[in-house]
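# Per-entry structural report
The chain contents come next:
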Amino acid sequence: MTLSRDELIRYNRQIILPDFGVAGQERLKAASVLIIGAGGLGAPNLQYLTAAGVGRIGVIDFDQVSLTNLQRQVLFNTDELGVNKATAAASKLKALNPETEFEVFETQISSENAMAIIVDYDLVVDGSDNLPTRYLVNDACLFLEKPLIYGAIFRFEGQVSVFNQELEHGSRGPNYRDLFPTPPPPEMVPSCSEGGVFGVLPGIVGSMQANEAIKVITGMGTTLSGKLLLFDSLDFTSRYLNIRSNENNPVTGSNPTITKLIDYEAFCAGPVIEEEVLASLSVHDLHADNSRYFILDVREPYEYDISNLGGLNIPLGQLKEQLEQIPGDKQVVVHCKSGVRSAQAINLLKQEGYTNLLNLEGGILAWQKEIDSEMAVY
Amino acid sequence: MEGPNKLLLEFKNHTIVEQCYSSLSKSGVDEIIVVTGRDAEIVSGLLRLRQQDRLVHNADFRLGLTTSIQKGVKQAHGDAFMLCLADMPLLNMDHYDSLIEEFQTSAMADQEAILAPFVNGKRGNPVIFSKVHKPAILAHNEMNGCRSLINHNLNHFIRYNTEDHAFLSDIDTAEDYSLLNQ
């Protein structure tokens with residue numbers, strides 16, 4: 001794929017690099033990359049891969065820009081709140097590099113559409129923020145034999161690797177399921193909204209992913225295939241762990257049990273154990289007759305200050321010290337932001353002998369969505 | 001999906017992790033750094049730490065033992081550190097103290113000493129490393145422990161030979177646990 005005069009000028013600073021050259025640039029121009037998620041990790045990937053001259057970039061995101069995104073998702077402006085992220089990202093990037101062709105998917109990647117979307121790309125970058133998508137994208141890349149650039153962030157720490165890269169002798173490097181054949185219990189996986197994230201971290205980790213993507217496409221250097229990079233932004237240290245192919249890998253191991261895409265939401269939710277199902281209440285039932293219930297909000301006080309349902313606020317970590325404030329003779333509706341912490345609170349209170357507890361389904365997010373769209377969310 | 005957390009199983013009227021901490025806190029170690037992973041909130045709630053001891057959470061614990069060792073060692077400041085597994089409740093204060101005493105004697109002759117218990121020729125735990133090995137432990141990149149570090153330092157490696165099977169008795173299976181309670 002030949003380069004125009006303008007392209008030779010635009011990409012001059014990398015074309016003159018040893019080992020990169022016109023050949024490297026032509027490989028980038030001929031390449032197609034799908035970026036899953038246009039959020040914190042997606043932003044630097046999109047910016048650097050566009051700027052570097054990748055020929056075709058797909059971006060998939062179902063979500064809209066919200067105020068809490070702007071602390072780290074640096075592609076978006078305050079006046080874009082409510083706009084689909086994939087669309088907002090593509091419009092910015094077209095201005096950055098008109099040589100790159102963009103495909104926008106305003107949808108959630110799913111078991112139904114993943115194969116059809118991914119098959120059209122040479123390489124996939126995972127910028128997602130949840131386990132079902134991570135397993136789905138990994139498995140789809142395995143079935144379609146596509147290399148996958150993995151990135152993950154939590155609070156102050158990040159991880160990067162290259163999965164399923166074709167190696168010199170024709171075999172493929174390790175993948176996400178060699179690290180984690182099965183997901184952890186859902187309560188062990190706080191999201192950015194539950195666990196928090198340091199704003200510059202996705203910028204660093206996403207840039208590392210873009211670095212690896214360019215190396216995979218151009219064939220330069222040594223990639224992170226077979227290695228997991230662990231980065232700690234608080235003490236600014238990084239280290240590697242070797243990843244080995246795991247014979248118990250359910251897709252690529254010696255006895256594969258997964259031969260096509262599955263229901264990843266159910267897979268990551270784990271088995272339903274009847275006796276552990278929590279009694280719950282919908283936001284509509286609470287709205288219909290809230291006088292029947294004592295509302296207990298187990299979020300942090302600063303979250304309560306943003307929006308609340310008027311209940312008693314005791315953060316999850318202080319529940320045990322403040323049991324005397326929780327009645328035993330009235331139905332207590334426990335809620336948090338989305339339902340994860342309230343479920344933990346109910347399990348804790350059950351151990352203390354409470355039998356009058358209901359978990360508010362979907363927490364304050366469901367209330368905002370179903371009952372009060374004016375309520376501030378975060 | 002994962003089964004019940006073995007550290008929270010009952011042992012002598014409390015849990016296995018409490019038993020381990022209790023034994024260590026009575027021994028001669030200056031400071032205990034407890035590295036939590038799974039069920040961190042429950043574990044930290046169970047332990048009544050002494051003033052000099054600390055809890056450190058390893059968010060990457062599913063990546064294997066090495067990441068937890070590195071989290072703890074990163075915080076360690078002593079002349080040596082003992083890597084203790086929390087699923088060895090049969091080890092008591094005397095077991096830990098005997099290893100420490102042997103290590104201190106050995107370290108006078110070799111400042112790079114590494115010491116491990118051996119029961120009938122089989123290596124057990126815990127292992128004590130001189131502080132000089134800290135950078136190598138932090139840079140170690142195999143996921144399941146520091147065995148290869150020992151292999152690279154055999155000239156500094158000291159065997160503490162014993163016939164006491166407590167040094168081998170970790171809990172990996174339900175059978176191990178049922179044997180423990182007999």
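You'll find the structure just up there.
For the structure given in this document, a descriptive report is provided here. A quick note: this is a predicted structure, and the numbers were derived from the prediction, not measured.

The rules behind each value
- Residues numbered from 1 in each chain as written.
- Chains lettered and ligands numbered in written order.
- Predicted model: local features only at pLDDT ≥ 70, side-chain atom pairs only at ≥ 80, totals over all residues.
- Heavy atoms only, no water.
- Helix = DSSP H or I, 4+ residues; strand = E, 2+ residues; numbered from the N terminus.
- Expected span 1.5 Å × (residues − 1).
- Polar contact = N/O pair within 3.5 Å; in protein donor to acceptor, adjacent residues only side chain to side chain.
- Contact = heavy atoms within 4.5 Å.
- Pairing = 2+ DSSP bridges.
- Axes fitted to C-alpha atoms, helices over the stretch in contact; angles between N-to-C directions.
- Buried < 20%, exposed > 50% of the residue type's maximum accessible area, 1.4 Å probe, protein only.

Taking 1.5 Å per residue, 12 residues should reach 16 Å; helix α14 (residues 340-351) of chain A reaches 17 Å between its end C-alpha atoms and fits that length. A positive phi of about 100° marks G353 of chain A, the residue just after α14 of chain A.

This part is about the side chain of Q70 of chain B. Within the fold, Q70 of chain B resides in helix α3 (residues 65-75). At 2.9 Å, the side chain of Q70 of chain B and the backbone oxygen of H140 of chain B are in polar contact. Discounting residues that sit within four places of it in the chain, Q70 of chain B has contacts with R239 of chain A together with I137, L138, A139 and H140 of chain B.

Residue and element names in this part refer to chain A. Taken in spatial order, the eight strands of this open sheet run β3-β2-β1-β4-β5-β6-β7-β8, and their pairing is mixed. Each of the sheet's edge strands pairs with one partner strand only, and the pair in question is β3 (101-105) and β8 (237-242). Averaged over all pairs of adjacent strands, the angle between their axes in this sheet comes to 15°, without regard to strand direction. As defined by bridge partners, strand β2 (residues 56-60) adjoins β3 across five bridges and the pair is classed as parallel. What sits directly across from R56, in β3, is E101. Sheet contacts for helix α7 (residues 131-144): β1 (32-36), β4 (123-126), β5 (148-154) and β6 (157-163); angle to β5, the most-contacted strand, approximately 170°.

Here we take up the environment of P4 of chain B. All names here are of chain B. Here P4 is to be found in the segment before β1 (10-11). For P4, a relative accessible area of 72% puts it in the exposed group. For the pair P4 and N120, spaced 116 residues apart in the sequence, the C-alpha separation amounts to 32 Å.

In this section: the sheet that holds strand β12 (residues 331-335) of chain A. Residue and element names in this part refer to chain A. Within the open sheet, the five strands sit side by side as β9-β13-β12-β10-β11. Their pairing is parallel. Edge positions in the sheet fall to β9 (280-281) and β11 (312-313), since each has one partner strand and no second. Sheet topology note: the β12/strand β13 (residues 357-360) ladder contains three bridges and is parallel. Each residue of the ladder has a partner; that of V332, found in β13, is L357. Sheet contacts for α14: β10 (293-297), β12 and β13; angle to β13, the most-contacted strand, approximately 170°.

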